[in-house]
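# Structural overview
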Amino acid sequence: MESRSRSMNKLTNSIVWPLLFLVFIHGSHCFYLPGVAPEDFQKGDPLKVKVNKLTSIKTQLPYSYYSLPFCPPEKIVDNTENLGEVLRGDRIENSPYVFKMQEPQMCAVLCHITLDAKTAKQLKEKIGDEYRVNMILDNLPLVVPIRRSDQDSSVVYQLGYHVGLKGQYTGSKEEKYFIHNHLAFTVKYHRDSQTDSARIVGFEVKPYSIRHEYEGTWNEKTRLTTCDPHNKRTVVNSNTPQEVEANNEIIFTYDVEYQESDVKWASRWDAYLLMNDNQIHWFSIVNSLMIVLFLSGMVAMIMLRTLYRDISRYNELETQEEAQEETGWKLVHGDVFRPPSNSDLLCVYVGTGVQFLGMVLVTMIFAVFGFLSPSNRGGLMTAMLLLWVFMGIFAGYASARLYKMFKGAEWKKVAFRTACMFPGIVFAIFFVLNALIWGQKSSGAVPFGTMFALVLLWFGISVPLVFVGGYVGFKKPAIEDPVKTNKIPRQIPEQAWYMNPTFSILIGGILPFGAVFIELFFILTSIWLNQFYYIFGFLFLVFIILLITCAEITIVLCYFQLCSEDYLWWWRSYLTSGSSALYLFLYATFYFFTKLEITKLVSGLLYFGYMLIASYAFFVLTGTIGFYACFWFTRLIYSSVKID
C-alpha cells in the first residue's frame, strides 16, 4: 500500500506541478532563469547532498544509485520527480553525506563494507561500462574538473565521477577493477557582504581509489592509517588503489573543502552550460546559417522573377489558340486542385504536423527566454509533452478544414485518426523500448503510474481537444478553389528522368537537412554523451531557417512539377520536404558508428528506436511546412492568371 501511495503521489505531482509551472511562470524572478529561487546559508547550516542515477554513455541505461553497494543512509527517501525527470530516468534520493556550510572535513568515514561475489560482479560490470555517479547539492549537479592539455590549459567539466577504473599492476598483464572510494569534494560559495550569508555556486569532486588501512579490528571509532586528519595525512593520489574482488573490505571516505568564489549565484550555471564552448562550434553554426540564408535568398529571387514573367506572359495572350499553344503550369489549372488519393490520410498528417509545429515553436520561445533552464530538471520534456497535448485543438482544426475542402463528410473519423495515429505509433515504439529497459532492470524504465499519466494526458485531454478543434474547423465555410476542377482528369505526359517523383522527393530533402545537420551534431552529443545543451538562441535561428528552406525548396520543385504538366502535387509537396527525415536518420546511423561506443544489443535498439521516433516527428513537421508552402503557392499563382 505504501508503494502504491507513493506511486500515486508521484503521478499527481508529475501532472499538477508542471501545469502550475506553466501557469505561474510569469511570476518568477526576472534576474535569473525563472522557476528557481536562491537559498541563503549561514555558517554551520546543514547542506543536503542528494544522489541521482548512475549513467553510462556506453550503455545508455541509467540505474539507481543504491543498485550498487554504496553506503546508504538510515532511511532512503525518494524525491518527488516531475514527469520529465521520470521519463529521463532520474531517481533522486537522499545520501549519508553530512555537509555543514563553511566547516571543512577531512577523511570523514562514510561506511565499511565487505564485498560478496554478487556485489563484486555488479561493481565490475558498472566499472567496465564506464558508469558515472551523479550527485546534487542545492540543485547543482556534481562535476569533475578536467584541465585540458592545450595551450590555454582551460578547465572543462565532466558530469559525475566514474564508479571506478580498470588497470594493471606493474609487471602484470591481468586487468583489474578498482573503485573510487575516496571523494574530495569542493563546495564553492559566494558571500553576501551585507548579510554575511553564502550561496552555493559550485559543486566539484576529485575521486580517488585507495586501499585504506587500519590497526586492530574495525569499529566505528577505528582510526585509519592511510587517511588521518589528526596527523594531517590526506589522500592525494591513487597509488595504492582499492581492488574490487569478492571478500575484499572497502572503506568509503570523503573530504569537504569550501572555497569562496567571485561567481554570483545568478551566473553559477555558466560553467556547466559553456563546457563545450569553442570558436569552431560557433563558427560552424554561423557559417551554416550564412550559406543557407544565401541559398534561400537566391531561390526566392529566381522564383519571384520567373513567376512574374510567366504570369505577365499568360495574361498578355489574346486568343484561345495562343493559349492552347502554351505549355506549362497554366494548362493543368483544371486539375491542380483535384483532391488527391488517400486525402483522409493527408489531412491526418497535416493536422499532426500543425500540432507538432505549435509545440516546437512555443517550446523554443520559452527556452530562448530562459524559462526551461537546466536547473529545472525535466522541465523541457514536461513542457513539450504538455504543449503537445494542448496543441491538439489546432491539429483537429487544421485537419477538419482541409478535409472539408476535399468535400469530405465524416469529420469525426478524421479527427479520431488525427488524435490517435501519430501518438499511437510513437507510444507503440516507446512501449517496446520500455519493455527492453525493464528487462535490463534499469531505472530508465517508465513505471506503470507514469505510463498511466501519459495515457490520461492523451485520451483525457489531447483527444477531446482534437475533436473540439475538428468541430470548429468543419463548421467553418469550405475553402474555395481559385479555379474550377474539370470532371475528367487530364492525362499526365511522360516526365523527364529528373522529374521522377522518387528522385525529386529525395533531392528536396537535402537542403532542409543541410540547414540543421551541424546543430544536429551538438544535439545528439548532448543527448547521448550526457552533456548540457543550452544554445537555444542559435537553435531557434536554425529552426526559422529550416522553416524557410523547407518552404522554398518545396515551392521550387512544385513549380517545376507543374511546368511539366504533372498536377499530382498534394502528396509530393508533403514528401519533398519530409524526406529530410530520411537524411536525419541516416546521419543518426553514421553518428552511432563513428561517435558512440555502444556495444550492447539492447542499447543499440534503444538508440535506433528513439532516433526513429525523432525522425518520424521531423518528417511530420517538415512535411507539413512544405505542404502549406505549396498550398499557398498554388492558390496564389492560379488566382493571379486569367482563366478563360
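It should be emphasised that the depicted structure is a prediction, and the values quoted were computed from it without experimental measurement.

Before going further, it helps to spend a moment on a nonpolar patch on the surface. A cluster of nonpolar residues, Trp497, Tyr498, Phe503, Ile507 and Ile510, forms a patch on the protein surface that exposes about 550 Å² of accessible area. With respect to the helices and strands, Phe503 occurs in helix 12 (residues 501-508). Given the relative accessible area of 35%, Phe503 is considered partly exposed.

We now examine the packing of aromatic side chains. Using the criterion set out here, one finds 46 aromatic pairs in the structure. On the numbers, 6.3 Å between centres and 25° between planes, the contact of Trp411 with Phe474 is stacked. Residue Trp411 is found in helix 10 (residues 411-439), and its partner Phe474 is found in helix 11 (residues 448-475); the two are separated by 63 residues along the sequence. Of the two residues, Trp411 and Phe474, neither departs from the other in class, the shared state being buried. Three or more aromatic residues link up through ring pairs in this structure, and these residues are Tyr349, Phe356, Trp388, Phe422, Trp571, Tyr574, Tyr616 and Phe619. When the ring centre of Tyr63 is taken as origin, the NZ or CZ atom of Lys126, which lies over that ring, is 4.3 Å away. One cation-aromatic arrangement involves Lys404 over Phe474; the distance from NZ or CZ to the ring centre is 5.2 Å.

Turning our attention to the side chain of Thr418. Among the secondary structure elements, Thr418 is positioned in helix 10. By relative accessible area, Thr418 is classed as buried at 0%. There is a polar contact of 3.4 Å between the side chain of Thr418 and the side chain of Ser399. There is a polar contact of 2.7 Å between the side chain of Thr418 and the backbone oxygen of Val414. Those residues in contact with Thr418, other than ones at most four positions away along the chain, are Val348, Gly351, Thr352, Ala395, Ser399, Pro423 and Val466.

What follows concerns helix 12. Within helix 12 the residues assigned to the buried category are Ser504, Ile505 and Gly508. Here the buried residues of helix 12 occupy an arc of 100° about the axis, which is enough to place them on one side. Those residues of helix 12 that are buried lie in contact with helix 13 (510-528), helix 14 (536-563) and helix 15 (570-578). The N-capping residue of helix 12, defined by a side-chain oxygen 3.0 Å from the backbone nitrogen of Thr502, is Asn500.

So, about the state of the cysteines. One pass over the full model with this rule turns up two disulfides. In this model Cys71 forms its disulfide with Cys111; the gap between the sulfur atoms is 1.8 Å. Given an S-S torsion of about -70°, the disulfide between Cys71 and Cys111 has left-handed geometry. Here Cys111 lies in strand 5 (residues 105-114) and Cys71 lies in the loop between strand 2 (49-55) and helix 2 (83-88), a separation of 40 residues in the sequence.

Taken as a whole, the protein chain shows an average pLDDT of 81; of its residues, 85% reach a score of 70 or greater. Element-level mean pLDDT values for the protein chain span from 40 in helix 1 (residues 2-23) up to 93 in helix 16 (residues 580-595). A low-confidence stretch, residues 1-35 (pLDDT under 50), is modelled with 42 contacts involving residues beyond four sequence positions or located in other chains.

Before going further, it helps to examine empty space enclosed by the protein. Enumeration according to the criterion identifies five cavities of 30 Å³ or more in this entry. The volume enclosed by the second largest cavity comes to roughly 60 Å³. Every residue along the wall of the second largest cavity is listed here: Tyr65, Phe70, Cys71, Tyr97, Leu110, Tyr161, His180, Asn181, Leu183, Phe252 and Thr253.

Our focus in this paragraph is the environment of Thr549. Along the chain, the position of Thr549 falls in helix 14. Assessed through its relative accessible area of 1%, Thr549 is described here as buried. Spatially, the C-alpha atoms of Thr549 and Gly509 are 9.8 Å apart, while their sequence positions differ by 40 residues.

Conventions used here
Residues numbered from 1 in each chain as written. Predicted model: local features only at pLDDT ≥ 70, side-chain atom pairs only at ≥ 80, totals over all residues. Heavy atoms only, no water. Patch = residues over 30% accessible without salt bridge, like charges linked within 9 Å, V, L, I, M, F, W, Y side chains within 5 Å. Areas by Shrake-Rupley, 256 points an atom, 1.4 Å probe, with all protein chains shown as cover. Salt bridge = Lys/Arg side-chain N within 4 Å of Asp/Glu carboxyl O. Helix = DSSP H or I, 4+ residues; strand = E, 2+ residues; numbered from the N terminus. Buried < 20%, exposed > 50% of the residue type's maximum accessible area, 1.4 Å probe, protein only. Phe/Tyr/Trp six-rings, centres within 6.5 Å; stacked < 30°, edge-to-face > 60°. Lys NZ or Arg CZ within 6 Å of the ring centre and 35° of its normal. Polar contact = N/O pair within 3.5 Å; in protein donor to acceptor, adjacent residues only side chain to side chain. Contact = heavy atoms within 4.5 Å. Arc of directions from axis to C-beta. Disulfide = S-S within 2.5 Å. pLDDT = per-residue confidence, 0-100. 1 Å grid on protein atoms, 1.4 Å probe; cavity = no way out; pocket = protein on both sides within 12 Å on 5 of 7 lines; lining within 4 Å. Points joined across faces, edges and corners; volume = space filled by probe spheres on them.

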